[in-house]
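The residues making up each chain are set out below.
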Amino acid sequence: MKHYFLASLFTIMTLPMATSAMALTPEASVKEIADNLVELNPITWTAPAEKYHMVVFIDNQCSYCSDVVKKVQQYTDAGLTMSFLTVAPPAIHDKVISDMARVWCSNSPRESLRNAMAGFLPNNDTSPACIRTIEQQSALANRVGIEVTPVMVVMQPSPVVFIGNVKPAEILKALKH
């Protein structure tokens, strides 16, 4: 597995990222994400002139994740479509599942995600269906070896992963090489 340390806040690497033995190759990991993406109901911001589609794994307790969501317009303006899924780290699993299920169950998930990442959860209940969706999103993250957040997976045949709140210009520059 190659790691490129381009700055102190992020890394570019190939999937799977987990240190434990994984059954999936990097290509199989991206296929697993692509095959399950629609049914996992990501919250997506589409770039008007899409260059790349990125699946971003986040949790609402992560300050770097908050920064990515706060700057989603910069990413889409740069041609990066952003589809967000939840990762529920073991130490805060139940809280993240509960909080993010409320976001996905809200009347305006995109607005609720922005607010939740700033510390303001939507004032609505969740449902068993929304809880299942978030649990399935987190299970996918576990299957493909995602152990930290935020993780941005570029959906292309040769998998590329960015860890951290990487600026759009840095992503585009790295992908050109």
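Cut-offs applied
Residues numbered from 1 in each chain as written. Predicted model: local features only at pLDDT ≥ 70, side-chain atom pairs only at ≥ 80, totals over all residues. Heavy atoms only, no water. Helix = DSSP H or I, 4+ residues; strand = E, 2+ residues; numbered from the N terminus. Buried < 20%, exposed > 50% of the residue type's maximum accessible area, 1.4 Å probe, protein only. Contact = heavy atoms within 4.5 Å. Pairing = 2+ DSSP bridges. Arc of directions from axis to C-beta. Salt bridge = Lys/Arg side-chain N within 4 Å of Asp/Glu carboxyl O. Core = buried A, V, L, I, M, F, W, Y, C linked by side-chain atoms within 4.5 Å.

Looking up the protein chain in an unreviewed UniProt entry gives the name Thioredoxin-like fold domain-containing protein, with the organism given as Rahnella aquatilis.

Enquirer: Would you mind showing me how to read the environment of V166 here?
Expert: Within the element layout of this structure, V166 appears in the loop between β7 (160-163) and α7 (168-176). By relative accessible area, which is 0% here, V166 ends up buried. In the structure, V166 is positioned 91 residues away from Y75 in sequence and 9.9 Å away in space, judged by C-alpha atoms.

Enquirer: Quick question: what am I supposed to make of the side chain of Q137 here?
Expert: With respect to the secondary-structure elements, Q137 resides in helix α6 (residues 128-143). Q137 gets classed as buried once you look at its relative accessible area, which sits at 0%. Dropping the residues within four chain positions of it, Q137 is found in contact with L40, N41, F57, L85, T86 and W104.

Enquirer: How should I be thinking about the pairing of strand β5 (residues 80-86) in this particular structure?
Expert: Moving residue by residue along a regular strand, the side chains alternate between the two faces of the sheet. Buried residues dominate β5, accounting for seven of its seven residues. A two-sided burial pattern is seen for β5, the buried positions comprising L80, M82, F84 and T86 on one face and T81, S83 and L85 on the other. Pairing analysis gives seven bridges linking strand β4 (residues 52-58) to β5, with the strands arranged parallel. Bridging from a neighbouring strand, I58 pairs with T86 of β5.

Enquirer: Just to check I follow, could you spell out unusual backbone geometry for this structure?
Expert: Most peptide bonds take the trans configuration, and most residues that are not glycine carry a negative phi. The residue after T149, namely P150, is reached through a cis peptide bond having omega -10°. Here P150 shows up in the loop between α6 and β6 (151-154). Positive phi is not limited to glycine here, since N41 has a value of about 50°. With respect to the helices and strands, the residue N41 is situated in the loop between α1 (26-36) and β3 (43-45).

Enquirer: Please explain α1 as it appears in this structure.
Expert: Each full turn of the α-helix corresponds to 3.6 residues, which orients residues three or four apart in the same direction. Turning to α1, its buried residues number three or more, namely S29, V30, I33 and N36. Seen end-on, α1 carries its buried residues on one side only, within an arc spanning 140°. Lining the buried residues of α1 we find β4, α6 and β6.

Enquirer: Even after reading the chapter, I still don't get the pattern of salt bridges, so can you show me in this structure?
Expert: If the charged atoms of two oppositely charged side chains come close together, the side chains can form a pair. In this structure the tally under the stated criterion is four salt bridges. As a salt-bridge pair, D67 and K71 come within 3.3 Å of each other at their nearest N and O atoms. The class for D67 is buried, based on a relative accessible area of 16%. Judged by relative accessible area, K71 falls into the partly exposed class, the value being 29%.

Enquirer: I would appreciate a short explanation of the nonpolar core in the present structure.
Expert: Where a protein is soluble and globular, its nonpolar side chains tend to be buried together. Counting residues in each nonpolar core, the largest one holds 36 residues, and the members touching the most others are I58, M82, F84, L113, M152, F162 and I171. Setting aside its immediate chain neighbours within four residues, M82 contacts I43, T44, W45, M54, V56, V68, V72, Y75 and M152. If you look at the next biggest cluster of nonpolar residues, it comprises 16 residues, including V55, L140, I146 and I163.

Enquirer: Can you help me understand α7 in this one?
Expert: Those residues of α7 not exposed but buried are P168, I171, L172, A174 and L175. Seen end-on, α7 carries its buried residues on one side only, within an arc spanning 165°. α7 presents A169, K173 and K176 as exposed residues on the side facing more than 90 degrees away from its buried surface.

Enquirer: Explain the pairing of β6 to me, please; I cannot follow it from the model alone.
Expert: Across the two faces of β6 the burial is the same, with V151 and V153 and M152 and V154 all buried. Note that β4 and β6 share four bridges and pair antiparallel. The partner of V55 across the bridge, within β6, is V153. Where β6 meets β7, four bridges bridge the pair, whose relative direction is antiparallel. Considered in β7, the bridge of V153 is made with V161. The hairpin formed by β6 and β7 contains five residues between the paired strands.

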